[in-house]
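Read off the chains here:
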Amino acid sequence: MRTLEDIQEEYEFLEGDERYRLLIELGRELDDMPAALKTDATLVRGCSASVWVYPTEENDALHFLADSNAAITKGIVALVISAVQDKPAQTVADMDVTAALDPFDLKNQLSSNRTQGIPNMISLVKEHAARIAAG
């Protein structure tokens, strides 16, 4: 998975539909999420499309599996995950993920129904991180 900084560098040079294509491409780059993990417990509430996020821990770092049934939404999920992927749980729990995503100006780039679930995705990721950091 690309770093958020690498994605931002590319994103800044793109406009309109090219940014949508980049998001779709990012979604395709997500690790495969097994169907068995797509449950009510991993479902992100408040998204216009179905979104699932599942945390794993590898070598004291969080690694998230995520998926969506909508291509652009899956790209947005990938963007959120790229901000926190493979970082220590406490770092993610303390992180201002919203601020990390601010340079992408998603509220002005995408329709409101595509961005309405982003705070819920971020909240779920941070809750998982805080739970894992607490042991």
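Residues numbered from 1 in each chain as written. Predicted model: local features only at pLDDT ≥ 70, side-chain atom pairs only at ≥ 80, totals over all residues. Heavy atoms only, no water.

Draft legend 1. Focus on the environment of threonine 3. By the secondary structure assignment, threonine 3 is in the segment before α1 (4-12). With relative accessibility at 37%, the residue threonine 3 sits in the partly exposed group. A distance of 3.1 Å separates a polar side-chain atom of threonine 3 from the backbone nitrogen of aspartate 6. (Helix = DSSP H or I, 4+ residues; strand = E, 2+ residues; numbered from the N terminus. Buried < 20%, exposed > 50% of the residue type's maximum accessible area, 1.4 Å probe, protein only. Polar contact = N/O pair within 3.5 Å; in protein donor to acceptor, adjacent residues only side chain to side chain.)

Draft legend 2. Geometry of the nonpolar core. Counting residues in hydrophobic clusters, the biggest one holds 41 residues, and the most contacted among them are Val53, Leu79, Val84, Leu101, Phe104, Ile118 and Met121. Elements with a minimum of two residues in this core: α1, α2 (16-28), β1 (51-58), β2 (61-68), α3 (71-84), α4 (89-94), α5 (97-101) and α8 (118-133). Aside from chain neighbours lying at most four places away, what touches methionine 121 is Val44, Cys47, Val51, Ile76, Val77 and Val80. (Core = buried A, V, L, I, M, F, W, Y, C linked by side-chain atoms within 4.5 Å. Contact = heavy atoms within 4.5 Å.)

Draft legend 3. Fine view of the pairing of β1. Taken together, the 8 bridges between β1 and β2 define a ladder with antiparallel strand orientation. When the bridges of β2 are listed, glutamate 57 appears paired with leucine 62. Hairpin connection, β1 to β2: the antiparallel pair is bridged by 2 residues, and asparagine 59 has positive phi, about 50 degrees. (Pairing = 2+ DSSP bridges.)

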